[in-house]
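Here are the chains, one letter per residue:
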Amino acid sequence: MSGTDERSTKVGRAATAGKAATAAERLTDALYGLGWGTVKKLPEPVAVRLGRTIADLAWKKRGKGVRRLEENYARVVPDAGPERLAELSKAGMRSYMRYWMESFRLPAWSKERIKSGFDVKDVHYLTDGLASGKGVILALPHLANWDLAGAWVTTELETPFTTVQERLKPESLYDRFVEYRGSLGMEVLPHTGGSAFGTLARRLRAGGLVCLVADRDLSASGVEVKFFGETARMPAGPAMLAQQTGALLLPVTLWYDETPVMKGRVHAPVDVPETGTRAEKTSSMTQALADAFATGIAEHPEDWHMLQRLWLSDLDPSKAPGPAGRASEDERSEDERSEDERSEGRRSESPLPGEGTR
């Protein structure tokens, strides 16, 4: 094949892939719309059974999300054998689908249902911080249902807050999430460069509340932390905002049990170190967040919905422990490589985490 023919073939493949991606995006948007339009109308017991059924079917298929979940759980529970990891991933998928069933139904919940749906320990850290007028940053990992926790804050505490939403494709899907979270009392900012950071800083200086999901950052601005014994990157934004505004930085962890009521804990504040450069302070504070997240995840690993690559040894085989490392770049599927490349592209400009579709 000549160079011209080869280039033409590549262009044709790219165009076909672009059309397929657009079709896939439209389908994704339609499915989310179906979820919000249909699931919220179901009786709660029916929605619970539907979620479990979908979770079990997905688990039995053992797609890349389930396999990645097990690989991540293997870091959290290092002594778990294959059977235990399979049990955890099945419970993890059920927890993940409970999140989605609740989220699709949240807009239809009454204020009383929202208030009774969440029981949080040590909330005084949050209420005292808000009363001080200094502003508060809540930083959470992908545990249980942060949307429900947020709805509880706006309803039970009658406190609005600001968060960041990752730009999604198609734009209509992004709009759905903004409308959904806005209906729960959240101010949602687009994750676009430094503009969101400036707005968050202004909200905090005015004594407001900011909530950020902050356990994964693939960008160059991410801070390297030790997380379950290996290196991962987490966003610098929460620590930088606390330093710049004087706001209180509080880690929060969430979990489910066998009841319909989600549980949570507000951890003690992460203080700004008295000495060190800004970068050193940011590193120390982000590590403290990671340690708090790890405590909650270790206690309830099945409620950690991390179906993506997180540790650097998975993202970059050369950083894997041991001479052999983990899977080589060639051994990773094209879909997995594309997923990481998309994440890198989305997060390359900002120190903030961007909450997307989980």
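Bear in mind the structure is a predicted one, so any value in this text is a computation, not a measurement.

(A) Seen up close, the nonpolar core. If you look at the biggest cluster of nonpolar residues, it comprises 89 residues, and the most contacted ones within it are Leu138, Leu209, Phe227, Leu254 and Trp304. Per element, the largest residue contribution to this core is nine residues, and it comes from helix H4 (residues 82-105). Beyond its immediate sequence surroundings of up to four residues, leucine 209 is in contact with Leu126, Leu130, Val136, Leu138, Val153, Thr159, Pro160, Phe161 and Thr162.

(B) Quick look at the pattern of salt bridges. For the coordinates displayed, the defined rule picks out 14 salt bridges. For the salt bridge of glutamate 230 with arginine 75, the shortest nitrogen-to-oxygen distance reads 3.1 Å. Of the two residues, glutamate 230 is situated in strand E7 (residues 230-234) and arginine 75 in helix H3 (residues 64-76); the sequence distance between them amounts to 155 residues. The pair formed by glutamate 230 and arginine 75 is uniform in burial state, with each residue classed as buried. Between arginine 84 and glutamate 87 there is a salt bridge, and its shortest N-O distance comes to 3.8 Å. Note that arginine 84 and glutamate 87 are positioned in helix H4 at a spacing of three residues, about one turn of the helix. Overlapping salt bridges, with partners in common, bring together Arg68, Glu71, Arg75, Glu230 and Asp314 in one network.

(C) Representation of the packing of helix H10 (residues 237-245) against helix H11 (residues 278-299) in the model. It is the contact of H10 with H11, at a shortest axis distance of 8 Å, that shows an interaxial angle of 125°. With respect to H11, the element H10 is oriented oblique. H10 and H11 meet at a crossing whose hand is right-handed. The segment H10 lies against H11, with Pro238, Ala239, Met240, Ala242, Gln243 and Gln244 engaging Arg278, Lys281, Thr282, Met285, Thr286 and Leu289. In terms of residue class, the contact of H10 with H11 is made up of six nonpolar, four polar and two charged.

(D) The confidence of the model for the chain, seen in detail. Here the chain shows a mean pLDDT of 84. Residues at 70 or above account for 78%. Counting interchain partners and residues more than four positions distant, the pLDDT-below-50 stretch residues 6-19 has two contacts. Counted against residues more than four places away or in other chains, residues 322-349, with its pLDDT under 50, gives 47 contacts.

(E) The arrangement of the packing of helix H2 (residues 44-61) against H4 in detail. Interaxial distance between H2 and H4 falls to 8 Å at its minimum, and their mutual angle equals 140°. Taken together, the axis directions place H2 and H4 in an arrangement best described as oblique. The crossing of H2 and H4 is right-handed. Here H2 contributes Glu44, Ala47, Leu50, Gly51, Arg52, Ile54, Ala55, Asp56, Ala58 and Trp59 to the contact with H4, which in turn contributes Ala86, Ser89, Lys90, Met93, Arg94, Met97, Met101 and Arg105.

(F) Quick peek at the side chain of histidine 305. Tracing the backbone shows histidine 305 in the loop between H11 and helix H12 (312-315). The class of histidine 305 is buried, set by a relative accessible area of 0%. Among the polar contacts listed, one links the side chain of histidine 305 to the side chain of serine 95, at a separation of 2.8 Å.

(G) Representation of the environment of glycine 208. As for its placement among the helices and strands, glycine 208 is situated in the loop between helix H9 (195-205) and strand E5 (209-213). Spatially, the C-alpha atom of glycine 208 lies 6.8 Å from that of phenylalanine 161, the residues being 47 residues apart in sequence.

(H) Fine view of unusual backbone geometry. Positive phi outside glycine occurs at aspartate 122, with the angle close to 55°. With respect to the element layout, aspartate 122 can be found in the loop between strand E1 (118-121) and helix H6 (124-132). The exposure class assigned to aspartate 122 is partly exposed, which follows from its relative accessible area of 36%. In the Ramachandran plot, alanine 144 falls in the positive-phi region, its phi being about 50° despite a non-glycine side chain. Tracing the chain through its elements places alanine 144 in the loop between strand E2 (136-140) and helix H7 (146-156). Relative accessible area serves as the criterion here: at 0%, alanine 144 is assigned to the buried category.

(I) Spotlight on the packing of aromatic side chains. Across all of its chains, the model carries seven aromatic pairs by this definition. Where phenylalanine 118 meets tryptophan 152, the ring centres are 5.4 Å apart and the plane angle is 85°; that geometry is what we call edge-to-face. With phenylalanine 118 in strand E1 and tryptophan 152 in helix H7, this residue pair connects regions lying 34 residues apart in the sequence. Each of the two residues, phenylalanine 118 as well as tryptophan 152, counts as buried. Ring pairing ties together the aromatic residues Phe227, Phe228, Trp304 and Trp311, which thus form one cluster. Looking at arginine 113, its charged tip hangs above the ring of tryptophan 109, at a distance of 3.8 Å from the centre.

Analysis parameters
- Residues numbered from 1 in each chain as written.
- Predicted model: local features only at pLDDT ≥ 70, side-chain atom pairs only at ≥ 80, totals over all residues.
- Heavy atoms only, no water.
- Core = buried A, V, L, I, M, F, W, Y, C linked by side-chain atoms within 4.5 Å.
- Buried < 20%, exposed > 50% of the residue type's maximum accessible area, 1.4 Å probe, protein only.
- Helix = DSSP H or I, 4+ residues; strand = E, 2+ residues; numbered from the N terminus.
- Contact = heavy atoms within 4.5 Å.
- Salt bridge = Lys/Arg side-chain N within 4 Å of Asp/Glu carboxyl O.
- Axes fitted to C-alpha atoms, helices over the stretch in contact; angles between N-to-C directions.
- Parallel < 35°, antiparallel > 145°, perpendicular 65-115°, else oblique.
- Left-handed = near helix turned anticlockwise from the far one by under 90°.
- Nonpolar A, V, L, I, M, F, W, Y, C, P; charged D, E, K, R; others polar.
- pLDDT = per-residue confidence, 0-100.
- Polar contact = N/O pair within 3.5 Å; in protein donor to acceptor, adjacent residues only side chain to side chain.
- Phe/Tyr/Trp six-rings, centres within 6.5 Å; stacked < 30°, edge-to-face > 60°.
- Lys NZ or Arg CZ within 6 Å of the ring centre and 35° of its normal.

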